[in-house]
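# Descriptive analysis of the structure
Single-letter residue listing:
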Amino acid sequence: MHLHPEVEEALASKQPVVALESTVITHGLPRPTNLELARKLEQAVREEGAVPATIAILQGEIWVGLTDFQLETIAFASGVEKASLWNLAAILAQRKHGGTTVATTAFLAHKAGVSVFATGGIGGVHPASSGRASYDESADLFELSRTPILVVSAGPKSILDLAATLERLESYGVSLLGYQTDKLPAFHTRESPFDLPARVETPAEAAAVFAQARRLLPSATLVMNPVSQGLEWAQVQSWIEQANQEAARGGIHGKALTPFLLSRLAELSGGVTVEVNLRLLEENARLAARIATALSQLRA
């Protein structure tokens, strides 16, 4: 594992650092929008007073914090693997490039000593009706159950079974916090019908809860940050239902299903879901930087 000198210095001096994933760069957006977003997220973290640490795998080497050249490399390289926990060792041993998922970024950030991680939406339990088996769920959930890191997201991705995802997070003992909300945000929408167990109003309050959780629990603290301008819950659910029906008719399932659903949501919304996605990524990066700053002040 290699730490960018700026990240290494910030960690040594207990300055705020925010981890950022790289699958949004390698698999989430077309070129060159992916590189523009990567730079924008890092800049947002800096503007809020923290050091960005984008995590990626380059030629089988783990990097925590990238140079601009490395950002360009991971953004434009062909054949980049989606690095989850189950194929991480193979990517390293075979000297491949990899964009890190939520689960892998959380795992590697914690190993590097980074306490705060910003992402877009977490994975969760997929609906059985989508063509997947009912036990199909993201590795994000299990990793959150065993890694004491604070993760800022806009909630689970809207295509998931949100009720089942919440139940699993509860079973795994993940601390759930709504940021200025009592309802579970659902990625593209500010609110879903589901209640959250706790709410915080400020970055300092979120940092204090995480500090307490870290003393007691082995699991993550998940801060749910509603996007400032989202879509209506009913409308998004209608698009998801239509997209799922199309996927079932087309025999689309397994790894191909999530990209298909997100692509169809973008088409059905006239591109608005992509705009919301970009907005929430930046807002989450800014909030994570503020929480990391508050956490560093608690340690001082």
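Since the structure is predicted, the reported quantities are computational estimates derived from the model, not experimental observations.

### Comments concerning the nonpolar core
- Among the nonpolar cores identified, the biggest contains 92 residues, and Val 18, Leu 222 and Val 223 are the most heavily contacted of them.
- For this core, the element with the most residues is helix H12 (residues 272-299), which contributes 11 residues.
- Once residues lying within four places of it in the same chain are set aside, the contact partners of Val 223 are Leu 150, Val 151, Val 152, Ser 153, Leu 177, Tyr 179, Ala 206, Leu 287 and Ile 291.

### Remarks on the environment of His 110
- With respect to the secondary-structure elements, His 110 resides in helix H6 (residues 102-112).
- Along the backbone, His 110 and Leu 144 are 34 residues apart, and their C-alpha atoms lie at a distance of 11 Å.
- Once residues within four sequence positions are removed from consideration, His 110 is found in contact with Thr 147, Pro 148 and Ile 149.

### Thoughts on helix H11 (residues 257-268)
- Taking 1.5 Å as the rise per residue, H11 with 12 residues should run 16 Å; its terminal C-alpha atoms sit 16 Å apart, in good agreement.
- Listing the buried residues of H11 in full gives Leu 257, Thr 258, Leu 261, Arg 264, Leu 265 and Ala 266.
- Looking at the buried side of H11, the elements it contacts are helix H10 (233-250) and H12.
- A positive backbone phi angle near 65° is found at Gly 270, which sits one or two residues after H11.

### Notes on the pattern of salt bridges
- Within the structure shown, the criterion is met by 17 salt bridges.
- Close ionic contact of Arg 168 with Glu 137 constitutes a salt bridge, the shortest N to O distance being 3.0 Å. Here Arg 168, found in helix H8 (residues 162-171), pairs with Glu 137, found in the loop between strand S7 (116-118) and helix H7 (139-146); they are 31 residues apart in sequence, far enough to count as distant.
- The salt bridge partner of Glu 201 is Arg 199, with a shortest N-O separation of 2.4 Å.
- With a relative accessible area of 34%, Arg 199 lands in the partly exposed category.

Each value, and the rule that gives it
Residues numbered from 1 in each chain as written. Predicted model: local features only at pLDDT ≥ 70, side-chain atom pairs only at ≥ 80, totals over all residues. Heavy atoms only, no water. Core = buried A, V, L, I, M, F, W, Y, C linked by side-chain atoms within 4.5 Å. Buried < 20%, exposed > 50% of the residue type's maximum accessible area, 1.4 Å probe, protein only. Helix = DSSP H or I, 4+ residues; strand = E, 2+ residues; numbered from the N terminus. Contact = heavy atoms within 4.5 Å. Expected span 1.5 Å × (residues − 1). Salt bridge = Lys/Arg side-chain N within 4 Å of Asp/Glu carboxyl O.

Purely geometric stuff here, so don't read any function into it on its own.
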